[in-house]
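What follows is the residue order along each chain.
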Amino acid sequence: MMVEEKKSLSATARLTFLSALTALAISIGVIESLVPPPVPVAGFKWGFSNSVMLMILLLLGRKEALTAAWVKVMVASLITGRFLSPSFFLGLGGSLSSVYLMSILMKRKFGLIAVSVCGSFISNLVQLLLAASLFVGSVKIFYLAGYLISIGAFTGLLNAIIAYGGLKWLKTIGMLS
């Protein structure tokens, strides 16, 4: 189903679709940054905009998803006043690494849930590595790893479910064949 979608859209339709989905991801990211975190971990966000990244990967491909991830982090950080802050760099590293790994796993025919959970894992790992090396200067931040990976597995599952529902809805309204 998804391979045909990648090839059947004109360049203009692809760009329009990518723009709409990227705007949705930005909106979700901005809203998430305004809602207090449900857990007492500094900088924690649910990452529901990653469900849109999954959809972009499936429908348009790696290059478009990496572009959307970069634009999402840039624009959302400008809107929220976090541009070039530590959370900007952590978000950028996490988003790009997540999309890249998810694209590799999708090529290897992993299921949507596995792809999403692995994407969440690599995002958390990269963010911890960046935080330890650039901002905290200590590996003690890795004490949070178990906690973040557990929550990340749950949010990865939720993102896969949301992405699947979004794809199903797009098909229902006739946007996908």
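Please refer to the structure higher up on the page.
Residues numbered from 1 in each chain as written. Predicted model: local features only at pLDDT ≥ 70, side-chain atom pairs only at ≥ 80, totals over all residues. Heavy atoms only, no water.

Visitor: What am I meant to see in the packing of aromatic side chains here?
Guide: Geometry of an aromatic ring pair is reported as the spacing of the ring centres plus the angle between the planes. In the structure shown here, the tally under the stated rule is four aromatic pairs. Geometrically, the ring pair formed by Trp46 and Phe48 is stacked, given 5.9 Å between the ring centres and 10 degrees between the ring planes. Residue classification places Trp46 among the partly exposed positions, given a relative accessible area of 29%. Accessibility expressed as a relative area gives 23% for Phe48, which makes it partly exposed. Ring centres of Phe83 and Phe88 lie 5.1 Å apart, and the angle between their planes is 65 degrees; this geometry places the pair in the edge-to-face category. (Phe/Tyr/Trp six-rings, centres within 6.5 Å; stacked < 30°, edge-to-face > 60°. Buried < 20%, exposed > 50% of the residue type's maximum accessible area, 1.4 Å probe, protein only.)

Visitor: I tried to follow the packing of helix α2 (residues 11–34) against helix α3 (residues 49–59) on my own but got confused; where do I start?
Guide: Packed helices, taken two at a time, are described by the angle between their axes plus the distance between the axes. Two elements in contact, α2 and α3, have axes whose closest approach is 8 Å; the angle formed by their N-to-C orientations is 165 degrees. One finds that α2 runs roughly antiparallel with respect to α3. Between α2 and α3 lies a crossing whose hand is left-handed. The residues of α3 that touch α2, namely those facing Phe17, Leu18, Leu21, Thr22, Leu24, Ala25, Ile28, Gly29 and Glu32, are Ser49, Val52, Met53, Met55, Ile56 and Leu59. Grouping the constituent residues of the contact of α2 with α3 by class yields 11 nonpolar, three polar and one charged. (Axes fitted to C-alpha atoms, helices over the stretch in contact; angles between N-to-C directions. Helix = DSSP H or I, 4+ residues; strand = E, 2+ residues; numbered from the N terminus. Parallel < 35°, antiparallel > 145°, perpendicular 65-115°, else oblique. Left-handed = near helix turned anticlockwise from the far one by under 90°. Contact = heavy atoms within 4.5 Å. Nonpolar A, V, L, I, M, F, W, Y, C, P; charged D, E, K, R; others polar.)

Visitor: Would you explain a nonpolar patch on the surface in this entry?
Guide: Taken together, the side chains of Leu78, Phe83, Leu84, Phe89, Leu134, Phe135 and Val136 make up a nonpolar region of the molecular surface, amounting to roughly 660 Å² of accessible area. Sort the elements by how many residues they give to the nonpolar patch and helix α6 (residues 112–136) lands first, with three residues. Mapped onto the secondary structure, Phe135 falls in helix α6. Accessibility expressed as a relative area gives 38% for Phe135, which makes it partly exposed. (Patch = residues over 30% accessible without salt bridge, like charges linked within 9 Å, V, L, I, M, F, W, Y side chains within 5 Å. Areas by Shrake-Rupley, 256 points an atom, 1.4 Å probe, with all protein chains shown as cover. Salt bridge = Lys/Arg side-chain N within 4 Å of Asp/Glu carboxyl O.)

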